[in-house]
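# What the coordinates show
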Amino acid sequence: MLDDFLVRATLAGLGVALAAAPLGCFVVWRRMAYFGDATAHAAILGVALSLALSTSVFTGALAVALMMAFAVSALSGRGYAMDTLLGVLAHSALAFGLVAVSFLKGVRVDLNAYLFGDILAVGQSDLAVIWIGAALVVALVTWRWSALLTSTLSPDLAYASGIDPKREQLVLTLGLAIVVAVAIKVVGALLIVALLIIPAASARPLSRTPESMAVIAALIGGTAAILGLRASFLWDTPAGPTIVCVAAVIFLATNTVTRLKRR
Amino acid sequence: MELVTLSGIGVRIGGNQALSNVDFGIEKGEIVTVVGPNGSGKTTLLRTIIGAQKPTAGKLHRAKGLKIGYVPQRLSIDATLPLTVERFLNLPLRHRRPDIEAALHHAGAEGLESRQMVALSGGQFQRVLLARALLKKPDLLILDEPTTGLDQPGSASLYRQIEQLRSDLGTAILMVSHELHVVMSASDRVVCLNGHVCCHGTPEIVASAPEYRALFGSGTQGALALYRHDHDHHHHSHSDHSHEHGACDHA
């Protein structure tokens, strides 16, 4: 069954959607959409480094995404607004990544594959990496859920409950780095953030509690992956972008329907 | 036995000395109010006590196993976060349904369990925050300007609720307030803060202290006059106040 590339692609998409959903909710609630961008763009630099050092793309992307996460945490609150800081880091990391790739003589790098992903080329070992990563992220977020949620509401409320919001921020950052590293092959650096945010935003109008929003976001992300892959197969469109298009249509649908219902 | 004791606490935030040399303590069942102008370090003091701000000097001692309930001044919940009152009250720890009902009752917010947090009115929101702080069965309840954004009847009834809590549950209460007339009537002790403790003691003592009058000036004449009238004897014997009456630092 895993021999079929479409089955592998679907499983890869489902894995990424599952891990991205709860993290995406936090990204939306904490207004840190740019953070996802920064981590994802930095991963391109990681891809370049991993090719130069001949390690796996996953290792390189994870290492750089983590470094980026720590850099942002360390630099925040030192005079620059967060969006400025992330803008500087995200785009310079992307630029350095692109320049670094150009130094790699003799290695043929299909940059397109890392910017836009190539879900149809996912192999069995990639699939294992994605699902292990997804399981790790889901376990991490489930374990820290209450503390993360309290810190998201208010750092001071967290302190008063004996929770260190800085540690929770680090947990979230770690989760993001893992998702970016496993997803870069599937949807690519430019579309990872879409998979984080769009399912969460589509789930919002349908949810009454944070937990239901995370579950519904996972369902929507999974649906987008399945339908997007089918559509891309039928109409011969690029797979990653088609998945994101389906997610965007779902976003439009849930938000419109809820608004009409309220009238 | 004091629940919290601060000795010589100093806090620097980004090169700015927010608090210096603060000595302060609160006992079981006491209501203590912190007053002071904007930027005087009131919120910094509360954040230091709950552990959100590390002091850069001095010692902070909390009684063993002390449970603190904290009601922040403002809590902005992002509209993208769906959160019922009941779920909010169960953060970070789950509580039993009867406990939740009791906390909402004590805070004067019965029947709001299934409402969305973002859809609450200002007064309901403050009361739900209070209920959440109560669920821990705190020994010490810390409130930062609990009546921000409430109208006068709203804040009067919230303060009555807070006093009721002390008599019902024996909780010590530490709050920051700018409503001086309320402070003066409801508190056992008042701490007047302006980067340092410039004056503390019973409301009558603080109200008659020159430091306090220098900070709050003529706008509070009405409230102060009331106290000077009722408790005139206090500032004649200023030099020999006993400990529980407090003292004013004339330095």
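Residues numbered from 1 in each chain as written. Chains lettered and ligands numbered in written order. Predicted model: local features only at pLDDT ≥ 70, side-chain atom pairs only at ≥ 80, totals over all residues. Heavy atoms only, no water.

Turning our attention to the overall build of chain A. Assigned secondary structure in chain A consists of 11 helices and 0 strands. Along the chain direction, N to C, the helices and strands of chain A fall in the order α-α-α-α-α-α-α-α-α-α-α. In terms of C-alpha radius of gyration, chain A reaches 18 Å, essentially the compact-globule figure of 18 Å for 263 residues. Judged by the C-alpha coordinates and their principal axes, chain A covers about 55 × 45 × 30 Å. Looking at chain A as a whole, 55% of its 263 residues are labelled buried. Counting only contacts in chain A whose residues sit at least 6 apart along the sequence, the fraction spanning at least 24 positions is 74%. About 11,800 Å² of surface is accessible on chain A, with carbon and sulfur atoms providing 69% of the total. (Helix = DSSP H or I, 4+ residues; strand = E, 2+ residues; numbered from the N terminus. Rg over C-alpha atoms; globule rule 2.2 N^0.38 Å. Buried < 20%, exposed > 50% of the residue type's maximum accessible area, 1.4 Å probe, protein only. Contact = heavy atoms within 4.5 Å. Areas by Shrake-Rupley, 256 points an atom, 1.4 Å probe, with all protein chains shown as cover.)

A few words on the pattern of salt bridges. Applying the stated rule across the entire model yields 11 salt bridges over all chains. Taking the shortest distance from any N to any O, the salt bridge between E211(A) and R87(B) comes out at 2.6 Å. You can see E211(A) sitting in helix α10 (residues 210–235) and its partner R87(B) sitting in helix α2 (residues 85–89), one on each of two chains. The exposure class of E211(A) is partly exposed, given its relative accessible area of 24%. Where salt bridges share partners, they join R144(A), R167(A) and E168(A) into one cluster. (Salt bridge = Lys/Arg side-chain N within 4 Å of Asp/Glu carboxyl O.)

Take the packing of aromatic side chains next. To describe a pair of aromatic rings, one takes the distance between the centres and the angle between the planes. All names here are of chain A. Tallying each qualifying case throughout the model produces 4 aromatic pairs over all chains. Ring geometry for F5 versus F233: centroids 6.5 Å apart, planes at 55 degrees, classification tilted. Taken together, the residues F5 in helix α1 (residues 5–29) and F233 in helix α10 connect sequence positions 228 residues apart. Overall, the relative accessible area of 47% leaves F233 in the partly exposed class. Consider the rings of F26 and W145, whose centres lie 5.2 Å apart with planes at 65 degrees: the pair is edge-to-face. (Phe/Tyr/Trp six-rings, centres within 6.5 Å; stacked < 30°, edge-to-face > 60°.)

It is worth spelling out the state of the cysteines at this point. Residue and element names in this part refer to chain B. One pass over the full model with this rule turns up 0 disulfides over all chains. Left without a disulfide partner, C192 is nearest to the cysteine sulfur of C198, which lies 3.5 Å away. Overall, the relative accessible area of 0% leaves C192 in the buried class. (Disulfide = S-S within 2.5 Å.)

The next thing to look at is the sheet that holds strand β4 (residues 57–62) of chain B. The strands making up a sheet associate through hydrogen bonds between their backbones, and the pairing can be parallel or antiparallel. Residues and elements named next belong to chain B. Taken together, 3 strands build an open sheet; the order of strands is β2-β1-β4 and the sheet is antiparallel. Looking at which strands have only one partner, the edges of the open sheet turn out to be β2 (16–27) and β4. Shown here is a sheet whose adjacent strand axes are inclined to one another by a mean of 15 degrees, direction ignored. Relative to β4, strand β1 (residues 2–13) runs antiparallel, the two being bridged by 5 bridges. Among the inter-strand pairings, G10 is bridged to a residue of β4, identified as A57. (Pairing = 2+ DSSP bridges. Axes fitted to C-alpha atoms, helices over the stretch in contact; angles between N-to-C directions.)

A separate point is the nonpolar core. The nonpolar side chains of a soluble globular protein tend to be buried with one another. In this structure, F88(B), L130(B), L140(B) and L174(B) are the most contacted members of the largest nonpolar core, which totals 152 residues. The residues contacting F88(B), other than those within four sequence positions of it, are L153(A), L157(A), L75(B), L83(B), M117(B), V128(B), L129(B) and R132(B). Core analysis: the next-biggest nonpolar cluster, separate from the first, contains 13 residues, V183(B), M184(B), V190(B) and F216(B) among them. (Core = buried A, V, L, I, M, F, W, Y, C linked by side-chain atoms within 4.5 Å.)

An α-helical turn contains 3.6 residues, so any two residues separated by three or four positions project in the same direction. Residue and element names in this part refer to chain A. Between its first and last C-alpha atoms helix α11 (residues 239–262) spans 35 Å; for 24 residues at 1.5 Å apiece the expected length is 34 Å, and the two agree. The complete set of buried residues in α11 reads A239, G240, T242, I243, V244, V246, A247, I250, T254 and T258. Tucked into the core, α11 has its buried residues touching α5 (111–116), α9 (192–203) and α10. (Expected span 1.5 Å × (residues − 1).)

Residue-level contacts link 22 residues of chain A with 26 residues of chain B. Across the chain A to chain B interface the summed buried area is about 2,200 Å²; carbon plus sulfur atoms make up 58%. The largest contributions to the chain A side of the interface with chain B come from L153(A), L157(A) and R208(A), which together make up 30% of the buried area. Linking R31(A) and D78(B) is a salt bridge whose minimum nitrogen-to-oxygen distance equals 2.3 Å. The interface formed by chain A and chain B holds 11 residue pairs in polar contact (both at pLDDT 80 or more) in total. Listed by contribution, the elements that provide at least two residues to the side of chain A that touches chain B are α1, α6 (124–153), α7 (155–160) and α10 of chain A. (Buried area = accessible area lost by both parts, 1.4 Å probe. Polar contact = N/O pair within 3.5 Å; in protein donor to acceptor, adjacent residues only side chain to side chain.)

A separate point is the side chain of T39(A). Residues and elements named next belong to chain A. Note that T39 resides in helix α2 (residues 33–52). Accessibility expressed as a relative area gives 2% for T39, which makes it buried. Of note is the side chain of T39, whose polar atom sits 2.7 Å from the backbone oxygen of F35. With sequence-adjacent residues up to four places away left out, T39 is seen in contact with A65, M68, A177 and V180.

Residues and elements named next belong to chain B. Regarding helix α3 (residues 97–106), the residues found buried are I100, A103 and L104. Projection of α3 onto a plane perpendicular to its axis shows the buried side chains occupying an angular sector of 100 degrees, all on one side. Here the buried face of α3 lies against α2 and α4 (122–135). (Arc of directions from axis to C-beta.)

The next subject is the packing of helix α3 (residues 57–75) of chain A against helix α8 (residues 165–183) of chain A. Residue and element names in this part refer to chain A. It is at 8 Å that the axes of α3 and α8 come closest, and there the two elements cross at 150 degrees. Accordingly, the angle class assigned to the pair α3 and α8 is roughly antiparallel. The handedness of the crossing between α3 and α8 is right-handed. Between α3 and α8, the contacting residues are F58, A61, L62, A65, L66, A69, F70 and S73 on the first element and Q169, L170, T173, L174, A177, I178, A181 and V182 on the second. Here the residues of the contact of α3 with α8 sort into 13 nonpolar, 3 polar and no charged. (Parallel < 35°, antiparallel > 145°, perpendicular 65-115°, else oblique. Left-handed = near helix turned anticlockwise from the far one by under 90°. Nonpolar A, V, L, I, M, F, W, Y, C, P; charged D, E, K, R; others polar.)

All names here are of chain B. Of all residues in chain B, 86% have pLDDT values of 70 or greater, and the mean over the chain is 81. Highest mean pLDDT in chain B belongs to α2 (94); lowest belongs to helix α9 (residues 221–230) (42). A low-confidence stretch, residues 220–247 stays under pLDDT 50, and its non-local contacts, those more than four residues away or across chains, total 29 contacts. (pLDDT = per-residue confidence, 0-100.)

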